[in-house]
Amino acid sequence: MPKVEHVVELVQELPKEEMAENEFKIYMSGSIYGEGFTKTAYQLACQLGLYCIDNQIYIPRFNRNVSKNEAESYLEKWVWTYYIPNPYTKSFAQGCKPLPVLTSIIKYIEENPDVRNLEQVCQDIWGEPIGNLANIKYAINQYSKAVRVDGHNNITLEPNYKEIMTMALERNNKRAFFDSLSTPSGTGNPENKQSVEPAGESTKLNSQEYSYIAAIKTKPFLILGGFSGTGKSQKVKELAFATCPCDGYLNVSETSPGNYLLVSVKPNWHDATDITGFRSSVNKNYYVTDFMRFLVKAKQYPEVPFFVCLDEMNLAPVEEYFADFLSVIESRKKKKDGTIVTDALVPASVFRADDYDAEFNIFMSLGLATTNPEWKPDELNALSKEEYAQAFIRQDIVEELKRDGLTIPQNVIIIGTVNMDDTTNSFSRKVIDRAMTFETIVNEFDNSYFAGDVALHYISKPRSGKLFISDEVRATQMIEAGNFALTDDEKHKILEFINSINNDLEGSPFKISYRILNETILLYRAKKEIQKIMDEEGGFEDGVTFNTDLDNVFDEILMQKILPRIEGDYEKCNKCLTKLSTRADDNNWKQSMDKIEFMITRFGKDKSGFTSFWN
């Protein structure tokens, strides 16, 4: 069996674009394998489906390097497609010779038509109990087409099984095998939808979008504010299209990539049931939401950013319907293996409950694929404990849900859009403190409007997930682990910034705490990381301005974390805003200076007005 590190290494060395077969061989002679590539490495890479030679053209599986997590997911798919349905098996029984699985089962059924139980059939053929019966059942149903095994393990021969057996997939048909690995493990394309081809190679991002990315990498919860029609919701979808892989599963909708979910907030939301579901009082079921399904789907693609657009999030009081999320987002913790975990958004007891209706299965409702695609909930629920433990392709996610509950995956990004007008609810400081806040403003229109449409389409080279996915939580832990270093001068400047801002806010209810100090350092580090990633990928697009200096970070922290907290009348806000204005002017924090000036003018000449961050 190949290992994860083999896949990572081979993908790193293989070309990332199509080319003639002879060019491919020349290219690989310059790899770490040298002339020896045509031996073991060549065969292993082909057997793994990492490339295919079709009509003397080299076709790559991946157009970029892959992480260990991606390689592990790919290997899992490979195991199901190649290793498990391999035509020979070897028993531990003494003297048992390798026998072809499918043909042996069919021959046995023909000779013993009264015995149809798969477990008994395998016992008789190989002379011992079969431990991975669910795997064999899945392989038969998925690949044979000549034989079906139902939820009670009873075997049925298809009427035309003999004809089908003569048409079985030729294992030496490398292109057919290569194509069979096009969908990710555990998900598939259950409705067999036609995938949508990419409409371009890449997407150009602008300076503002890179500011969004830096904030996302700092903390995956953003608020985009502005009046209606400024493109807030559309911007979230653009980022999803820019990062969505064309894998035959996530790219099956023309209008909505598979890593994007639109949640339209309703004014009558006053609890979390429309987000995290609820146990029905009418029947013995659990109401599973699209949000829950989306989180489970995201767990199956850990390297792909998954975007939730919480549209018009302040039509209802955010603290009421989103209270659980606001608490859980603050529980984020980085483990020793580098992954970030949270407390449960939906408790584990929901997934361990054994008193649901016989025709309801919560894991199937969450979209997890079973090893037998024809199982119905009642058939699945009727399996023995041992069989049920192997009933899902992503059994690891099932066990995680039962053990930890439904947590927020590291790759999920929540972006709420808001219109601040008389029809909406204002934000409490609890919400503002937990988010990175932006305001979308439409400036004067010019000819750039006609330069091209927004990039709401798939691309063949999606943006790397590492550009977006938050990978640090606590600045002190990050620094102690050696993942980022601050000079003494940088430490002094950061502490001076936080303390001076708090001095300016003295006597007001808007003073800041450790959370903003922590996120100031994380934003600084995120900007440095993004700069590094883009340098490795050839640099930013023409016209993009991306500053990583501390003064720019301070300006953005004021805009994203501090000024949105300040709202009220002249007596409450003017003193601190005046002090902040002077400090912003002294340090040339231009964004903040302009915004503070706007906020002060809202008091009016008679100082009777009410000010806030929002236009």
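Position numbers for residues count from 1 along each chain, tracking the sequence in the order it is written. Two thresholds apply to this predicted model, a pLDDT of at least 70 for residue-level local features and 80 or more for giving and counting side-chain atom pairs, whereas whole-chain, interface and lining totals are computed over all residues. As a rule here, side-chain values cover all heavy atoms of the structure and leave hydrogens and water aside.

A. Representation of the overall build of the protein in the model. When helices and strands are tallied, the protein shows 27 helices and 18 strands. Three exposure classes are used, based on accessible area relative to the maximum for each residue type with a 1.4 Å probe and protein chains only: buried under 20%, partly exposed in between, and exposed over 50%. When each of the 615 residues of the protein is scored for burial, the buried share is 51%. Whether two residues touch is decided by their heavy atoms; if any such pair falls within 4.5 Å, the residues are in contact. Considering only contacts in the protein between residues 6 or more positions apart, those separated by 24 or more positions represent 73%. To measure how exposed things are, a 1.4 Å probe is used in the Shrake-Rupley method; for residues, cover is taken only from the protein chains shown. A total accessible area of about 30,000 Å² is found for the protein, and carbon and sulfur atoms account for 48% of it. The helix count covers DSSP runs of H or I at least four residues long, the strand count covers runs of E at least two residues long, and both are numbered beginning at the N terminus.

B. View of the state of the cysteines. Any pair of cysteine sulfurs within 2.5 Å is marked as a disulfide. Across all of its chains, the model carries zero disulfides by this definition. Considering cysteine sulfurs only, cysteine 46 is the nearest to cysteine 52, which forms no disulfide, with 6.9 Å between them. Cysteine 244 forms no disulfide, and the closest cysteine sulfur to it belongs to cysteine 246, at a distance of 6.4 Å. Cysteine 244 sits in the buried class, given a relative accessible area of 0%.

C. Examining helix α26 (residues 570–587) more closely. What a helix is expected to span follows from its residue count: subtract one and scale by 1.5 Å. Over its 18 residues, α26 runs 25 Å from end to end, which matches the ideal 26 Å to within 8%, given 1.5 Å per residue. Taken together, the buried positions of α26 are Cys573, Asn574, Cys576, Leu577, Leu580, Ser581 and Ala584. The secondary structure elements touched by the buried residues of α26 are α23 (488–504), α25 (550–562), β17 (568–569), α27 (590–601) and β18 (610–611). Positive backbone phi, at 60 degrees, marks asparagine 588, one or two positions downstream of α26.

D. Looking closely at the sheet that holds strand β1 (residues 19–20). Strand pairing is assigned whenever DSSP identifies at least 2 bridges connecting the two strands. Ordered in space as β1-β3-β2, the three strands form an open sheet in which the pairing is antiparallel. The open sheet has two edge strands, β1 and β2 (51–54), and neither has a second partner. Of the strand pairs in this sheet, β2 and strand β3 (residues 57–60) are connected by four bridges, and their pairing is antiparallel. Note that in β3 the partner of tyrosine 51 across the bridge is proline 60.

E. Structural detail: the pairing of strand β8 (residues 221–225). Across the five residues that make up β8, a large majority, five, are buried. Residues Phe221, Ile223 and Gly225 point to one face of β8 and Leu222 and Leu224 to the other, with burial holding for every one of them. Direction of pairing for β8 relative to strand β15 (residues 412–418): parallel, over a ladder of five bridges. Residue pairing across strands places leucine 222 opposite isoleucine 415, the latter belonging to β15. Here four bridges tie β8 to strand β16 (residues 436–439), and the two strands are oriented parallel to one another. Residue pairing for β16: isoleucine 223 is matched across the bridge by threonine 437.

F. Layout of unusual backbone geometry. Phi angles above zero are rare outside glycine, and glutamine 56 is one such case at about 65 degrees. With respect to the element layout, glutamine 56 can be found in the loop between β2 and β3. Of note in the backbone geometry, glutamate 312 takes a positive phi value of approximately 55 degrees without being a glycine. Here glutamate 312 shows up in the loop between β12 (306–311) and α14 (318–321). Classification of glutamate 312 as partly exposed rests on a relative accessible area of 23%.

G. Expanded view of the packing of aromatic side chains. We call Phe, Tyr and Trp rings a pair once their centres come within 6.5 Å, taking the six-membered ring for Trp, and we label the pair stacked below 30 degrees between planes, edge-to-face above 60, and tilted otherwise. Taken as a whole and assessed by the stated rule, the structure comprises 29 aromatic pairs. Taken together, a centroid distance of 6.1 Å and an interplanar angle of 80 degrees make the contact between tyrosine 388 and phenylalanine 392 edge-to-face. The pair tyrosine 388 / phenylalanine 392 is uniform in exposure class, with both members buried. Three or more aromatic residues joined by ring pairs make a cluster, and in this case those are Phe221, Trp269, Tyr321, Phe322 and Phe325. Cation placement over rings: the criterion is NZ of Lys or CZ of Arg within 6 Å of the ring centroid and within 35° of the ring normal. Here the basic side chain of lysine 527 rests over the ring of phenylalanine 546, its NZ or CZ set 4.5 Å away from the ring centre. Lysine 595 extends its terminal NZ or CZ atom over the ring of phenylalanine 613, reaching a point 4.7 Å from the ring centre.

H. Focus on helix α24 (residues 514–536). Under the 1.5 Å per step criterion, the end-to-end length of α24 is 33 Å for 23 residues, consistent within 8% with the ideal 33 Å. Of the residues one or two after α24, glycine 538 is the one with positive phi, at around 105 degrees.

I. Quick look at the packing of α23 against α24. Axes here mean lines fitted to C-alpha atoms, for a helix over just the part in contact, with angles spanning 0 to 180 degrees between N-to-C directions. For the pair α23 and α24, interaxial distance at closest approach is 10 Å and the crossing angle is 135 degrees. Taken together, the axes of α23 and α24 are oblique relative to one another. Judged by the sense of rotation from one axis to the other, the crossing of α23 with α24 is right-handed. Mapping the contact onto sequence places Glu490, Ile494, Leu495, Phe497 and Ile498 in α23 and Ile516, Leu517, Thr520, Ile521 and Tyr524 in α24. Here the contact of α23 with α24 is composed, by residue class, of eight nonpolar, one polar and one charged. Oblique is the label for every angle not falling under 35 degrees (roughly parallel), over 145 degrees (roughly antiparallel), or within 65 to 115 degrees (roughly perpendicular). By the definition used in this description, the sense in which the near helix is turned from the far one sets the handedness, with an anticlockwise turn below a right angle giving left-handed and a clockwise turn giving right-handed. Here the nonpolar group is Ala, Val, Leu, Ile, Met, Phe, Trp, Tyr, Cys and Pro; Asp, Glu, Lys and Arg are the charged ones; every other residue, Gly included, is treated as polar.

J. Structural view of the environment of alanine 240. Tracing the sequence through the fold places alanine 240 in helix α11 (residues 232–243). Separated by 216 residues in sequence, alanine 240 and leucine 456 have C-alpha atoms that sit 8.9 Å apart. Discounting residues that sit within four places of it in the chain, alanine 240 has contacts with Pro257, Asn259, Tyr260 and Phe307.

K. Quick look at the pattern of salt bridges. When a carboxyl oxygen of Asp or Glu lies within 4 Å of a side-chain nitrogen of Lys or Arg, that pair is called a salt bridge. Across all of its chains, the model carries 28 salt bridges by this definition. Across the pair lysine 217 and aspartate 471 runs a salt bridge, and its minimum N-O distance is 3.6 Å. With lysine 217 in helix α10 (residues 207–218) and aspartate 471 in the loop between β16 and α22 (475–480), this residue pair connects regions lying 254 residues apart in the sequence. Among the residues examined, lysine 217 registers a relative accessible area of 4% and is labelled buried. Note that glutamate 506 and lysine 511 form a salt bridge whose closest N and O atoms lie 3.0 Å from each other. The class for glutamate 506 is partly exposed, based on a relative accessible area of 47%. Shared partners join several salt bridges into a network, and the residues in it are Lys219, Glu330, Asp433, Arg515, Glu519, Lys561 and Arg565.

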